[in-house]
Amino acid sequence: MTDPRAVDTGHAQHDRHGVELRERVARFVQDEVIPHEPVLDAGGPAATAALSGLRDRAREEGLWALPLPVELGGGGLPLGAYAALAEAEGASDHGPAAVGSAPLLDVTMLARHGGSRVREEYLPRLVSGELRTCYAMTEPGVPGTDPFRTATRAERRADGSWIVTGRKWFTSGAANADLVTVLARTDGSPGDREGLSLLLVPTSAPGFRIVRELPVFGAAGQYELELDRAPVPADHLVGEPGQALAIAGERLQLGRTLRCLRWLGQAQRAFHLMCERAATRSGSRGPLADHQLVQQHVFDALLALRTTRPLVHEAVALIDAGRDAHVEVGLAKVAAARMLQQVTDSAIQVHGATGLGPDTPLPALFRGGRAARILDGPDELHITSVARRVLRGYGVRSATRG
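Nothing here was measured: the structure is a model prediction, and the numbers come from that model.

Section: the pairing of strand β1 (residues 133-136)
A two-sided burial pattern is seen for β1, the buried positions comprising T133 and Y135 on one face and C134 and A136 on the other. Where β1 and strand β4 (residues 179-185) come together, 4 bridges link them in parallel fashion. Residue pairing across strands places Y135 opposite T181, the latter belonging to β4.

Written as structure tokens, this is what we have:
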């Protein structure tokens, strides 16, 4: 009989080491990270101290920075091997930070496109956990789906350095970041399709400030930023001037896929809680598990998990092979966000009033699922983008036949 608590990878057998490593990560998140969630969610000095202790224990157990480059102090796992671990880490929002995989996106981007000083000075410290980064792309009043309307501007000075002015919002983790990658206009005017660049801005720079926190359904972690003529060294340009959207496209494909993997982990957690509740809770009409409507919730949630996981891992395989994955990432992102909301909604329903209160993680998981359908590209963006790409292929074939 299948254990409903097991994380089903949806793949052929993994090697024994990979399975053992996934189980160790899952146990660490379950036994070490999840009990600290109330403190970590609250933020402040207590959260900083708790996270520091978790990171020390992850290092002691050999679980630190597993997908990051070996030469920088990481474990060197390729994306395909890391995917199952990302699900296990993702059971808690704090899992990736606790085991040191959170900077994977920034390390990958800066290793490919950062200058020599950035690579030498920052990358080892990012992998060690000494430095933290965030990514600032969207702006107040500007649709995140239309980066060409970016108004934040970077002006080049005579010595080659930059002065950055503008506002960004929905920037995750900015309060604790040492560096922020900023999308800014280095040429042209808002609306132009050219002239966008990425700059790595130290948060200690004069003119950088956090305007306010932006709670998402009451949860902390997102921020609005202001840059008022913030100075940026010349060698902190990421890539070449005007290359921002190409670099951002690489980052977004990997980032969305990693989030899908972590959403699978969160949905699996909600599914486990639902099954436990159904199996152990009884009412005047007997155990919940005997109720057909509860069984319907379990079936539908399991179906959503099992049908979404292959889509996500297909995107992982293409990205890991260096192939274009626009369609697969779009499908995975929409499916995984919907799946997380559906599974947590069913789990809440089975829990009844208990599922609405503070005694389970279900409200936070549901909130994450709802936000996932907007943040990092709304469903509508991915639906339109995928459909256009598919239909474009049919148009080419039709024209050829004609």
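And the narrative resumes.
A word on the pattern of salt bridges
Here the structure, examined in full by the defined rule, presents 19 salt bridges. Residue R117 is joined to E121 by a salt bridge in which the shortest nitrogen-to-oxygen separation is 3.0 Å. Residue R117 and its partner E121 are both found in helix α7 (residues 116-128); the two are separated by 4 residues, about one turn of the helix. It is possible to trace a salt-bridge network through shared partners that takes in R167, R209, R212, E224 and E226.

Quick word on empty space enclosed by the protein
One pass over the full model with this rule turns up 1 cavity of 30 Å³ or more. The computed volume of the largest cavity comes to approximately 50 Å³. Taken together, M137, T138, E139, V142, P143, G144, D146, P147 and T150 form the lining of the largest cavity. Looking at the lining of the largest cavity residue by residue, the classes come out as 4 nonpolar, 3 polar and 2 charged.

What about the pairing of strand β5 (residues 196-202)?
Counting buried residues along β5, 7 of its 7 residues qualify, which places the element largely inside the surrounding structure. Of the two faces of β5, both are covered, the one formed by L196, L198, L200 and P202 as well as the one formed by S197, L199 and V201. The pairing of β4 with β5 spans 7 bridges and is classified as antiparallel. Considered in β5, the bridge of V182 is made with L199. Relative to strand β8 (residues 237-238), β5 is paired through 2 bridges, and the arrangement is antiparallel. Looking at the pairing, L199 lines up with L237 of β8.

Brief notes about the confidence of the model for the chain
Here the chain shows a mean pLDDT of 91. Residues at 70 or above account for 95%. pLDDT under 50 marks residues 398-402. Its contacts with residues more than four places away, or in other chains, come to 0 contacts.

Side note on unusual backbone geometry
Residue F170 is not a glycine yet carries a positive backbone phi of 50°. By the element assignment, F170 lies in strand β3 (residues 162-172). If you check the backbone angles, D376 has positive phi at about 65° while not being a glycine.

Here's the deal with the nonpolar core
Within soluble globular proteins, side chains that are nonpolar tend to cluster in buried spots. Grouped together as the largest cluster of nonpolar side chains are 85 residues, with contacts concentrated most on L110, L198, L258 and V343. No other element matches helix α8 (residues 244-280), which puts 16 residues into this core. Among residues more than four places away in sequence, those in contact with L110 are V118, R119, L123, L126, L200 and V238. In terms of nonpolar packing, the next biggest core, distinct from the first, is built from 19 residues, A154, W162, A230 and V232 among them.

Digging into the side chain of T257
Checked against the element boundaries, T257 lands in helix α8. For T257, a relative accessible area of 2% translates into the label buried. What T257 contacts, discounting residues up to four positions off in sequence, is V312, A315, V316, I319 and V329.

A closer look at the packing of aromatic side chains
What the rule picks out here adds up to 1 aromatic pair. Centre to centre, the rings of W169 and F170 are 4.9 Å apart; their planes meet at 70°, and the pair counts as edge-to-face. When its relative accessible area of 23% is taken as the criterion, W169 is described as partly exposed. Sitting over the face of the ring of Y135, R251 holds its NZ or CZ atom 3.9 Å from the ring centroid.

Details of the environment of A248
You can see A248 is positioned in helix α8. Overall, the relative accessible area of 3% leaves A248 in the buried class.

Overview of α7
Relative to the 18 Å expected for 13 residues at 1.5 Å per residue, α7 spans 19 Å between its end C-alpha atoms, a close match to the ideal helical length. The largest bend in α7 is about 35°, located at Y122, with the proline P124 one to four residues further on. Of the positions making up α7, those classed as buried are V118, Y122, L123, L126 and V127. Along its buried surface, α7 packs onto α6 (104-113), β1, β4 and β5. Once α7 finishes, G129 follows within two positions and takes phi at roughly 90°, a positive value.

Analysis parameters
- The written sequence of each chain sets the order in which its residues are numbered from 1.
- Given that the model is predicted, a residue must reach a pLDDT of at least 70 before its local features are reported, and side-chain atom pairs must reach 80 or more before they are shown or counted; all residues, however, enter totals for whole chains, interfaces and linings.
- Side-chain numbers here rest on the full set of heavy atoms in the structure, without hydrogens or water.
- When a residue's accessible area, from a 1.4 Å probe over protein chains only, is under 20% of the maximum for its type it is buried; when over 50% it is exposed; and in between it is partly exposed.
- Labels follow the DSSP assignment, with helices taken as runs of H or I lasting at least four residues and strands as runs of E lasting at least two, numbered in each case from the N terminus.
- The criterion for strand pairing is that DSSP finds at least two bridges linking the strands in question.
- For this document, the term salt bridge refers to a Lys or Arg side-chain nitrogen within 4 Å of an Asp or Glu carboxyl oxygen.
- The pocket and cavity definitions rest on a 1 Å grid over protein atoms only: a 1.4 Å probe that fits but cannot leave marks a cavity, an open set with protein on both sides within 12 Å along at least five of seven lines marks a pocket, and residues lining either have an atom within 4 Å of a point.
- Grid points are joined across faces, edges and corners, and a volume is the space filled by probe spheres set on the points.
- Residues are grouped as follows: Ala, Val, Leu, Ile, Met, Phe, Trp, Tyr, Cys and Pro are nonpolar; Asp, Glu, Lys and Arg are charged; every other residue, Gly included, is polar.
- pLDDT gives the predictor's per-residue confidence on a scale running from 0 to 100.
- Any pair of residues with heavy atoms lying within 4.5 Å of one another is described as a contacting pair.
- Only buried residues count toward a nonpolar core. Its members are Ala, Val, Leu, Ile, Met, Phe, Trp, Tyr and Cys residues joined through side-chain atoms within 4.5 Å.
- Aromatic pairing here means that ring centres of Phe, Tyr or Trp (its six-membered ring) are within 6.5 Å. Orientation follows from the plane angle: under 30 degrees is stacked, over 60 is edge-to-face, and everything else is tilted.
- Over a ring means this: the NZ of a Lys or the CZ of an Arg is within 6 Å of the ring centre and within 35 degrees of the ring normal.
- One fewer than the residue count of a helix, multiplied by 1.5 Å, yields its expected span.
- Bend is the name given here to the angle between axes fitted to two runs of seven residues, the run ending at a residue and the run starting at it.

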